Amino acid sequence: MIFDDFMVGFGWLAAALFVGVSAYRIVRLARLPLNVRWEVYPVPHEAKEKRHYGGSYMEEVDWAATPRAASPLPAYLEIATEVTTLKRVRDHNGYGMWPLSLAMHWGLYLYFGWLALLVAGNVVHGAALAYLTIAVGLAACILGAGGSLGLMVKRATSQDLRLYTTPLDYFNLLFLAAFFLAGLVSWLGDTSFAAHKAYVGSVLSFRLAHVPAAVATSFLLFELFMIYMPFTKLIHYFAKYFTFDRALWDDDFKAKGSAKDRKVAAQLGYKASWASPHIAPGQTWLQQAQSTALPEGRK
Amino acid sequence: MSSHKPVSFADVARRGDDPLVTLKREALMPLPGATDEPDLQPPQARWLEKYDFSLDGHSDFDIPKPTTPEEEQRLVKGFLSGLQKLFDPQSNWPFVKLLKLSMDYCVRCQTCSEACHVFQGSGRQEIYRPTFRSEVLRRVYQRYFTPSGKLLKSWVGADVELNGKTVWRLLELAYRCNICRRCAQVCPVGIDNALLAREIRKLFSQEMGIAPKELLQKGTRQQLQVGSTTGMNRAGLKDTLEFQEELIEEKTGKKIKIPLDKKGADVLLIHNAGEFMSWPENPAAFAILFEAAGINWTLSSEMLGYDGVNYGAWFDDVELARIALRQVTIAKQLGVKKMVVGECGHAHKALCVIADRVLPGDLSLPEMPRESCLPLLWQIVQSGAIKFDPARNNFPITLHDPCNVVRLMGIVAPQREIIKRVCAQPLRELAPHGVHNYCCGGGSGFAIMDTLNFSQWRKAVSDRMKVKQVLDAFADVLDPATPKYVTAPCSNCKGTLRDAINYYGLWEKYRIMYGGLVDLMVNAMVDLPGGFIDLNREDL
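Values in this document were obtained by computation on a predicted structure and should not be read as measured data. Throughout, a residue's number is its position along its own chain's written sequence, starting from 1. Just so you know, chain letters begin at A and ligand numbers begin at 1, following the order they were written in. Totals for whole chains, interfaces and linings use every residue, but because this is a predicted model, local features are given only for residues with pLDDT of at least 70 and side-chain atom pairs only at 80 or more, for both listing and counting. Only hydrogens and water are removed before side-chain values are computed, so all heavy atoms of the structure are retained for them.

Looking now at the overall build of chain B. Numbering of helices and strands runs from the N terminus, with a helix taken as a DSSP run of H or I at least four residues long and a strand as a DSSP run of E at least two residues long. What chain B contains, in helices and strands, is 23 helices and eight strands. As defined in this context, the radius of gyration uses C-alpha atoms, and a globule is described by 2.2 Å times the residue total to the power 0.38. Against the globule reference of 24 Å for 540 residues, chain B gives a C-alpha radius of gyration of 23 Å, in line with a compact fold. Residue exposure (1.4 Å probe, protein chains only): buried if accessible area is under 20% of the type maximum, exposed if over 50%, otherwise partly exposed. Within chain B, the proportion of its 540 residues that are buried is 69%. Restricting the contact set of chain B to residue pairs at least 6 apart, pairs at least 24 apart contribute 78%. Here the Shrake-Rupley method, with its probe set to 1.4 Å, supplies the accessible areas, and only the displayed protein chains count as covering residues. Surface summary for chain B: the accessible area is close to 16,500 Å², and the carbon and sulfur share equals 51%. In this count, Lys and Arg are taken as positive residues and Asp and Glu as negative ones, while His and the chain termini are left out. Charge placement uses NZ in Lys and CZ in Arg. For Asp and Glu, CG and CD serve respectively. Of the charged side chains in chain B, 67 are positive and 64 negative, and the gap between their average positions amounts to 4 Å. When checking whether two residues touch, look at their non-hydrogen atoms; a contact exists if any pair is within 4.5 Å.

In structure tokens form, the structure reads like this:
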């Protein structure tokens, strides 16, 4: 009874920590200063006729005076495509990581889809939903376990990859593999996922239900992973929004008096506290930029 | 997979003067066709006594090695102090977000490795892999600044000892990347390892005053104090322009008065001042084209107003902001409608893109537009104001895409459209090309860095992929009876190609030459006598 109680509470705790810590890290990143423009083409939100060859608005004369109607949609679609197909890994990785990485990532996506189906199963009943839940759950665990273990082997057996792989990286892959494998093992004793569905239902309704040991182990590992993940680089999926949309594709120039301009103006008031001889001590960035009359001996 | 002796991260801290790797010509990426490439020479014995060559036997830094523990300690302390500032949102506001993202979220999948021309050109030497220097920096940072690194040490990879050798090798590693950012283009997470190379450069420059002297002392410092990185002052500029007018008359028979400090002109043209010295026909060609097209244009004689370069883009944000601020202020004071950047890649990127967010509102892009010359040149061609005869340019031609103009600004089509209209033969595209091009090998300052034996490394390793691409593009016309032209609308790219052509003997063996885009345009102008490009030039 105490264990069942714990399992219900832990489910909520894991979800809350996952969301809370992820949100905290996202907010921390978002609150960092506005970076300078540093884009790399192709930029997906460029005009359609230029996008395919990587062209930009700067191919035109007098572009600063020409209104732009860039839609953010193509950029989000590009990120979604990268997240779902890992096409850059497919096209450019020379170590054969794409199928394994894709399997691992899809294992995770399907796992979340399976959880959603388990939630739905507590509300709606039907054979189709039940079969779909089994298919998605099994696919998630097989792909996830195969991908994670495959990546471990790949990293351990390639001299080039091994050099860059830390014990923590292996641990992360092992952790992923563990909860996927535990999912498979728990399915062996609950082939219809009925007990899994009951557990999810008990968490949602705060009504305690008995959880078989294998199912409890599977969910415990997953929930531990949910708590652990936001503290690591495994949450690079949200980093992609910042690296792509806010950096590599951030081609927006500022206008005088705009929100961006005000932000830059504030940042130009920060102290540039570097110690080199060519940098005057104690000055703001704007003062540094405006001055070359450096103190004696600092030229 | 690399066939070289494995290098570990711990090796970066290895004591002694032995280099981590010794480059051999035969181990570098093979080139198609025969070249006159010389064997790599070891550093001179007198240099070895005084300077540090312990990364790969090459260096641009004639800074004496630390000789006492105190000197070494000063180096380490300076590095740690700078590293801390790199992560400070005030001290490094221009890049701290991108730095943190690239440090924290790289999954080390090595997808970027295949994209790097230095790594490929070197024959896959581990130390040149885009992730290698980043990983050293990451491990040092974790070890000294993060709770997980301090607590878990090698478990999280925080295992690189920081001593004088680590610091020095990191400095050298930062100058083994052209910052072409091809690696960032292919990264599935959007990690920018080239940015990390630049951040390391910045740490050394902004905190410790250490940078290649061609970039800092003879570069940004000289430009800010004299007016140009070439050392040319206002009086020198006026002499140069007189020479330009004579050159134009000699080559075309036309008398042109180059407009200087013309208030309220439509266009302030700003060249890389190195063009006046090394390729005077290039600014002369601009003058011919602008005059023929009836453009209301001018040059500036103000300090920095006649030199569009901004080496700060390669290594120092403070110097970058200082130079950009002065250049744009000059244009504003002159009352011109816009600035147009001549054939100089990094000047494009610095003025039109990076400077956007380091300048105050009065100097924003809509207040003082800053554009590439390429769309304007294409507009001139389209306007019909000048008649071109493509038959004047009847030779095999290829086009190098300067990274700063193409991959980093998305200006891809205008130069191709121009070539179609002024050349007789179809453009032979390099493979790959456009935004996926390879750097010439001279990017981020390498083209002008020639202290000690650094230029040997550049010619043998970082230029290598471009040489391969050029030879591939002309594979069916290599016969020296047929002159061939590599168009490179960028000063640094031209300088790099010039050196590579000499180093590999491509002129003598294959009659491969290089030049700018405007040179081709003027060569094809119907109302000029022709011969603006000398296909038999011996001064390459």
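On to empty space enclosed by the protein, then. Residues and elements named next belong to chain B. Only protein atoms enter the 1 Å grid used here. Points where a 1.4 Å probe fits but cannot escape make up a cavity, open sets with protein on both sides within 12 Å along at least five of seven lines make up a pocket, and a residue lines them when an atom lies within 4 Å of a point. Grid points are joined across faces, edges and corners, and a volume is the space filled by probe spheres set on the points. Under the definition given, this model contains seven cavities of 30 Å³ or more. What the largest cavity holds in volume is close to 250 Å³. If you trace the largest cavity, you find 22 residues lining it, with Trp314, His346, Asn404, Gly443 and Ser444 closest to the centre. Here the element with the most residues in the lining of the largest cavity is helix α16 (residues 345–353); it accounts for three residues. Basically, the charged four are Asp, Glu, Lys and Arg, the nonpolar ten are Ala, Val, Leu, Ile, Met, Phe, Trp, Tyr, Cys and Pro, and anything else, Gly included, counts as polar. A class-by-class count of the residues in the lining of the largest cavity yields 13 nonpolar, eight polar and one charged. Taken as a whole, the second largest cavity encloses approximately 130 Å³ of empty space. For the lining of the second largest cavity, the residue count by class is ten nonpolar, three polar and four charged.

Take the layout of surface pockets next. Its boundaries defined by the atoms lining it, the largest pocket holds a volume of some 1,200 Å³. Secondary-structure elements contributing two or more residues to the lining of the largest pocket are α1 (2–30) and α8 (167–188) of chain A together with α2 (69–86), α3 (96–105), α5 (130–145) and α6 (147–152) of chain B. Of the residues belonging to the lining of the largest pocket, the class tally is 19 nonpolar, seven polar and nine charged. A volume near 600 Å³ is recorded for the second largest pocket. For the second largest pocket, the lining is made up of 28 residues, of which A:Met104, A:His105, A:Leu234, A:His236 and B:Val107 are closest to its centre.

Residue and element names in this part refer to chain B. Mapped onto the fold, Thr229 is located in the loop between α10 (216–226) and α11 (234–252). The exposure class of Thr229 is buried, given its relative accessible area of 11%. Those residues within four positions of Thr229 in sequence are excluded, and the remaining contacts are Lys218, Gly219, Gln222, Gln223, Asp307, Val309 and Tyr311.

On to the packing of helix α5 (residues 98–121) of chain A against helix α9 (residues 194–205) of chain A. Residues and elements named next belong to chain A. Where α5 meets α9, the closest approach of the two axes is 9 Å, and the angle between their N-to-C directions is 75 degrees. Between α5 and α9, the angle falls in the class roughly perpendicular. From α5, Trp114, Leu118, Val119 and Gly121 reach across to α9, where they touch His196, Lys197, Val200 and Leu204. The residue makeup of the contact of α5 with α9, split by class, is five nonpolar, two polar and one charged. Throughout, an axis means a line fitted to C-alpha atoms (over the contacting stretch in the case of helices), and angles, computed between N-to-C directions, take values from 0 to 180 degrees. Put simply, angles under 35 degrees are roughly parallel, angles over 145 are roughly antiparallel, angles from 65 to 115 are roughly perpendicular, and the rest are oblique.

Once that is clear, we can look at the pattern of salt bridges. We define a salt bridge as a contact between a side-chain nitrogen of Lys or Arg and a carboxyl oxygen of Asp or Glu at a distance within 4 Å. A complete count under the given rule lists 57 salt bridges over all chains for this structure. Two residues, A:Glu60 and A:Lys50, come together in a salt bridge whose shortest N-O distance is 2.7 Å. Of this pair, A:Glu60 sits in the loop between α2 (48–51) and α3 (73–85) while A:Lys50 is found in helix α2, placing the two residues ten residues apart along the sequence. Accessibility expressed as a relative area gives 39% for A:Glu60, which makes it partly exposed. B:Lys337 serves as the salt-bridge partner of B:Asp266, at 2.9 Å between the closest nitrogen and oxygen. Highlighted residues: B:Asp266 in the loop between α11 and β1 (267–270) and B:Lys337 in the loop between α15 (317–334) and β3 (338–341), separated in sequence by 71 residues.

Residues and elements named next belong to chain B. Any two strands between which DSSP finds at least two bridges are classified as paired. If you trace the four strands from one edge of the open sheet to the other, you get β2-β1-β3-β4, paired in parallel fashion. The open sheet has two free edges, formed respectively by β2 (297–298) and β4 (370–372), since each of these has just one partner strand. The pairing of β3 with β4 spans three bridges and is parallel. The residue of β4 that forms the bridge with Val340 is Glu371.

All names here are of chain B. Among the eleven residues of helix α7 (residues 164–174), eleven are classified as buried, and the element is accordingly described as predominantly covered. Taken residue by residue, α7 has Gly164, Lys165, Thr166, Val167, Trp168, Arg169, Leu170, Leu171, Glu172, Leu173 and Ala174 as its buried positions. Elements in contact with the buried residues of α7: α2, α5 and α9 (193–208).

With that settled, consider the environment of B:Gly441. Residues and elements named next belong to chain B. Following the sequence through the fold, Gly441 ends up in the loop between β6 (428–429) and α19 (454–462). Overall, Gly441 belongs to the buried group, its relative accessible area being 0%. A C-alpha to C-alpha distance of 20 Å links Gly441 and Ile397, two positions 44 residues apart in sequence. When near neighbours in sequence (up to four residues on either side) are disregarded, Gly441 contacts His117, Asn178, Phe446, Arg458, Ser462, Asp463 and Thr496.

Moving on, we get to the packing of aromatic side chains. When we look at a pair of aromatic rings, we describe it by the centre distance and by the angle of the planes. Stacked, tilted and edge-to-face pairs are distinguished by plane angle, under 30 degrees for stacked and over 60 for edge-to-face with tilted covering the rest, among Phe, Tyr and Trp rings (Trp via its six-membered ring) whose centres lie within 6.5 Å. One pass over the full model with this rule turns up 46 aromatic pairs over all chains. Here the aromatic rings of A:Tyr57 and A:Phe253 are separated by 6.0 Å at their centres, their planes lie at 45 degrees, and the arrangement is tilted. Pair noted here: A:Tyr57 is in the loop between α2 and α3 and A:Phe253 is in the loop between α11 (236–248) and α12 (259–268), with a separation of 196 residues, a long-range link. In terms of burial, A:Tyr57 and A:Phe253 fall into one category: buried. Counted as over-ring charges are cases with an Arg CZ or a Lys NZ within 6 Å of the ring centre that also lie within 35 degrees of the ring normal. Here the guanidinium or amino end of B:Arg176 rests over the ring plane of B:Trp457, the centre of that ring lying 5.3 Å away. Taking the ring centre of B:Phe532 as reference, the NZ or CZ of B:Lys251 above it sits at 5.1 Å.

Our next topic: the interface of chain B and chain A. Across the contact, 105 residues belong to chain B and 86 residues belong to chain A. Summed over both sides, the interface between chain B and chain A buries roughly 8,300 Å², with carbon and sulfur atoms accounting for 62% of that surface. Here B:Lys338 makes a salt bridge to A:Asp62, at a shortest N to O gap of 2.9 Å. As used in this structure description, the phrase polar contact means that two N or O atoms lie within 3.5 Å; if the pair is within protein, one of them must be able to donate a hydrogen and the other to accept it, and residues adjacent in sequence are counted only when both atoms belong to side chains. Between chain B and chain A we count 54 residue pairs in polar contact (both at pLDDT 80 or more) in total. No other element matches the eight residues that α9(B) contributes to the side of chain B that touches chain A. Across the side of chain B that touches chain A, the residue classes tally to 53 nonpolar, 22 polar and 30 charged. Two parts placed together each lose some accessible area under a 1.4 Å probe, and adding up what both lose gives the buried area.

All names here are of chain A. Structurally, the position occupied by Arg51 is in helix α2. Note on Arg51: relative accessible area 31%, which makes it partly exposed. Each C-alpha atom of the pair Arg51 and Phe3 lies 56 Å from the other, and the pair is 48 residues apart in sequence. Every residue in contact with Arg51, bar those within four places of it in the chain, is listed here: Pro42, Val43, Pro44, Glu46 and Pro74.

Residues and elements named next belong to chain B. Strand order in the open sheet made by the four strands is β6-β5-β7-β8, with parallel pairing throughout. Lying at the two open borders of the sheet, with one neighbouring strand each, are β6 and β8 (512–515). The pairing of strand β5 (residues 397–399) with β6 spans two bridges and is parallel. Bridge pairing links Thr398 to Arg428 in β6.

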